[in-house]
Amino acid sequence: HRWGQPILHILMDRRRLEVLFFPESRLYVGDSTPEALSRFFPGPFSADLIWTVLRGYPGIVPHERVFSPHGGRITLMKPGEEEVEIIDLDQKGLHPARVVLPDQQALLTFSDIQESGGIHYARVVRVDREADTRTLSLSTERMVFNRSIPGEIFRIEKPPGFSVHYLNDEDRGRP
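What counts as what
- Residues numbered from 1 in each chain as written.
- Predicted model: local features only at pLDDT ≥ 70, side-chain atom pairs only at ≥ 80, totals over all residues.
- Heavy atoms only, no water.
- Core = buried A, V, L, I, M, F, W, Y, C linked by side-chain atoms within 4.5 Å.
- Buried < 20%, exposed > 50% of the residue type's maximum accessible area, 1.4 Å probe, protein only.
- Pairing = 2+ DSSP bridges.
- Helix = DSSP H or I, 4+ residues; strand = E, 2+ residues; numbered from the N terminus.
- Salt bridge = Lys/Arg side-chain N within 4 Å of Asp/Glu carboxyl O.
- Axes fitted to C-alpha atoms, helices over the stretch in contact; angles between N-to-C directions.
- Contact = heavy atoms within 4.5 Å.

A. Structural detail: the nonpolar core. Ranked by internal contacts, the top residues of the largest apolar core, which has 23 residues, are Phe40, Phe45, Leu49, Val53 and Leu108. One finds Leu20, Val29, Ile156 and Phe162 within the second-largest nonpolar core, a separate group that totals six residues.

What follows is the structure, given as structure tokens:
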């Protein structure tokens, strides 16, 4: 949150999703579907868009053709000249600064590019949706890539006073 407190913790382990949502004092449990994840983001986010935001760097959507109308812009297209991703590079032309995803009506901005272990990422990612007045802004203090992760990190402990809510009916009673 902009006042420094966490809003949520998200744990995705294969198809399993757990979200500790602090504003409601709830632990949500269920399958990690785009619909389930979208409950916690402004508007519907595809799994690829969520990964792009959390990773701090845009992915490349499936396309047939690449077009660069001028220096600093790359447009990915499907057959029929349909634009599927527009990437504007920063002033040095090295990193994406702005990405438009027309299919998802999303504008992403990437700033404060950092490097960790040879991998670049944006410390600040902002998502604006054409159909929504809300904005998602994610600021990352530190990013670690490609390290061994102990199994215990894939558990969220429910704090006292939090209730468990299931994202879909078939999750009730599942361990």
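B. A look at the pairing of strand 10 (residues 135-139). Pairing geometry for strand 9 (residues 119-129) and strand 10, over five bridges, is antiparallel. Residue pairing for strand 10: Val124 is matched across the bridge by Ser139. Connecting the antiparallel pair strand 9 and strand 10 is a turn made up of five residues.

C. Seen up close, the pattern of salt bridges. Scanning the entire structure with this criterion turns up seven salt bridges. Between Arg15 and Asp31 there is a salt bridge; the shortest N-O distance is 4.0 Å. Here the residue Arg15 occupies a position in the loop between strand 1 (8-13) and strand 2 (16-21), and Asp31 occupies one in strand 3 (residues 26-31), the gap between them amounting to 16 residues. Look at Asp31 and you get buried, because its relative accessible area is 11%. Its salt-bridge partner being Asp112, residue Arg123 comes within 3.4 Å of it at the nearest N-O pair. Highlighted residues: Arg123 in strand 9 and Asp112 in strand 8 (residues 106-116), separated in sequence by eleven residues. Taking relative accessible area as the criterion, Arg123 reaches 27% and is therefore assigned partly exposed.

D. Representation of the sheet that holds strand 8. Taken in spatial order, the seven strands make up an open sheet running 4-5-6-7-8-9-10, and their pairing is antiparallel. Sheet topology places strand 4 (65-67) and strand 10 at the edges, where each strand pairs with a single neighbour. When the angles between neighbouring strand axes are averaged without regard to direction, this sheet yields 20 degrees. Bridging between strand 4 and strand 5 (residues 73-78) involves three bridges; their strand directions are antiparallel. Within the sheet, the bridge partner assigned to Val66 lies in strand 5 and is Leu76. Sitting on the sheet, helix 2 (residues 47-55) touches strand 7 (96-101), strand 8, strand 9 and strand 10, and the angle it makes with strand 9 is about 125 degrees.

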